[in-house]
Amino acid sequence: MTEILAESFKVYGQDGGGPFVLVSDHAGQAVPPTLDGLGLSADERARHIGWDIGIDGVGRKLADALPAVLIEQVYSRLVIDCNRAPGHPTSIVTQSDGTAVPRNQSLSMQDRAWREQAILHPYHQRITQELDARLAQKRAVVVVALHSFTPVMREVARPWHVGLLHNHDSRLAHIMIDLLRAEGLVVGDNEPYALTDTSDYTIPLHGEQRALPHIEIEIRQDLIAHPEGQAEWAARLASLLPQAWRIFCTRYEQRP
Ligand SMILES: [Zn+2]
């Protein structure tokens, strides 16, 4: 396949001089035209299997409020999951939450390589470029990965309003968990998922491996399915993220 795609990422917002770089691996629902919607209906692709419902609105409102730069993946996670290492078993899924993905069955090496070259790598290169530019200016950088999770998975209701995922450097996650719990919220600590070296890619690559402070946050989708909820969560994070960073800098004697 030699289709030339439009850029696989969108850069939204503007650099207000703060430390936060927002990234959103699953903000998009687009499918390259030659993949015929992956053989799925638009309704199936719009389910949580296709993207992180509501996180596009939260990310953009948060970028406006901080203000900060947001780098969003444009294409559906069903085309290729940008929070998985290339070649990972769930990088290009053949089924998700009971839905088979027809155009992902028996892919050739070339098909996989094309999706990596056209979609996965340019997105991560753009994030790397953003981080490199700031580090070259000796600025503080905090990588913030934004996600949302489905409220019911395999008939089990998930109680958390929001979850923080962390692994090798849990410092900022723990501060953020305390701040969110102080708001009276039910906060998952490595729930509904735990951050690991293999099940995630974005934070291991851009946060942990570069020793940059980071946050991976998951918000329950029913809370942000509509613009009002998105605005509420964006305002909450625009207030709490700078607070968390101030606490981090004081506690760990880091230059803000
Ligand atoms: Zn996600």
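Since this is a predicted model, take the numbers as computed values, not measurements.

S.K.: Any chance you could explain the sheet that holds strand S3 (residues 69–73) here in plain terms?
M.R.: Two orientations exist for strands paired in a sheet by backbone hydrogen bonds: parallel and antiparallel. Reading across the sheet, the seven strands line up as S1-S3-S2-S6-S11-S9-S10 and stay open at both edges, with mixed pairing between neighbours. In this open sheet, the two strands that pair with only one neighbour each are strand S1 (9–13) and strand S10 (187–189). On average, each strand axis in the sheet is tilted by 25° relative to the strand beside it, whichever way the strands run. Across seven bridges, the pairing between strand S6 (residues 142–149) and strand S11 (residues 214–220) is parallel. Of the residues in S11, the one forming a bridge with phenylalanine 149 is arginine 220. Along the sheet, helix H3 (residues 109–136) contacts S1, strand S2 (20–24), S3 and S6; its crossing angle with S3, the most-contacted strand, is approximately 165°.

S.K.: I'm lost on the coordination of the zinc ion in this one. Help?
M.R.: A four-donor tetrahedral metal ideally has 109.5 degree angles, and a six-donor octahedral metal ideally has angles of 90 or 180 degrees. For the zinc ion, the protein coordination sphere consists of His26 (ND1), Asp52 (OD) and His147 (ND1), at 2.0 to 2.1 Å. The motif formed by the donor residues of the zinc ion, counted along the single chain, is H-x25-D-x94-H. Placement of the pair is histidine 26 in the loop between S2 and helix H1 (42–45) and histidine 147 in strand S6, with a sequence separation of 121 residues. The buried category is assigned to histidine 147, whose relative accessible area is 2%.

S.K.: How do you make sense of the packing of aromatic side chains when you look at a structure like this?
M.R.: How two aromatic rings sit relative to each other is given by the distance of their centres and the angle of their planes. Summed over all chains, the structure comprises two aromatic pairs. On the basis of an interplanar angle of 55° and a centroid distance of 5.0 Å, the ring pair of phenylalanine 248 and tyrosine 252 is categorised as tilted. Phenylalanine 248 sits in the buried class, given a relative accessible area of 1%. Each residue in the set Trp245, Phe248 and Tyr252 is aromatic and connected to the rest through ring pairs, giving one cluster. For arginine 171, the ring lying beneath its charged end belongs to tyrosine 252, and the centroid distance is 4.7 Å. Positioned over the ring face of tryptophan 233 is arginine 236, at 4.4 Å from the centre of the ring.

S.K.: Sorry, what's going on with the environment of leucine 22 here?
M.R.: With respect to the helices and strands, the residue leucine 22 is situated in strand S2. Taking C-alpha positions, leucine 22 is 4.5 Å from leucine 70, a pair spaced 48 residues apart along the chain. Not counting residues up to four positions away in its chain, the partners in contact with leucine 22 are Gly59, Leu62, Ala63, Leu66, Ala68, Val69, Leu70, Ile71, Val144 and Leu146.

S.K.: Help me understand the packing of helix H4 (residues 171–182) against helix H6 (residues 227–251) in this model?
M.R.: The relative placement of two packed helices is expressed as an angle between their axes plus a distance between the axes. Running from amino to carboxyl end, H4 crosses H6 at an angle of 130°, the nearest separation of the two axes being 9 Å. In terms of their interaxial angle, H4 and H6 are classed as oblique. Crossing hand, H4 versus H6: right-handed. Seen from H4, the contacting residues are Arg171, Leu172, Ile175, Met176, Leu179 and Leu180; seen from H6, they are Trp233, Arg236, Leu237, Leu240, Leu241, Gln243, Ala244, Trp245, Ile247, Phe248 and Arg251.

Quick notes on the rules
- Residues numbered from 1 in each chain as written.
- Predicted model: local features only at pLDDT ≥ 70, side-chain atom pairs only at ≥ 80, totals over all residues.
- Heavy atoms only, no water.
- Pairing = 2+ DSSP bridges.
- Helix = DSSP H or I, 4+ residues; strand = E, 2+ residues; numbered from the N terminus.
- Axes fitted to C-alpha atoms, helices over the stretch in contact; angles between N-to-C directions.
- Contact = heavy atoms within 4.5 Å.
- Donors = N, O, S within 2.8 Å, 3.2 Å for Na, K, Ca; no water.
- Buried < 20%, exposed > 50% of the residue type's maximum accessible area, 1.4 Å probe, protein only.
- Phe/Tyr/Trp six-rings, centres within 6.5 Å; stacked < 30°, edge-to-face > 60°.
- Lys NZ or Arg CZ within 6 Å of the ring centre and 35° of its normal.
- Parallel < 35°, antiparallel > 145°, perpendicular 65-115°, else oblique.
- Left-handed = near helix turned anticlockwise from the far one by under 90°.

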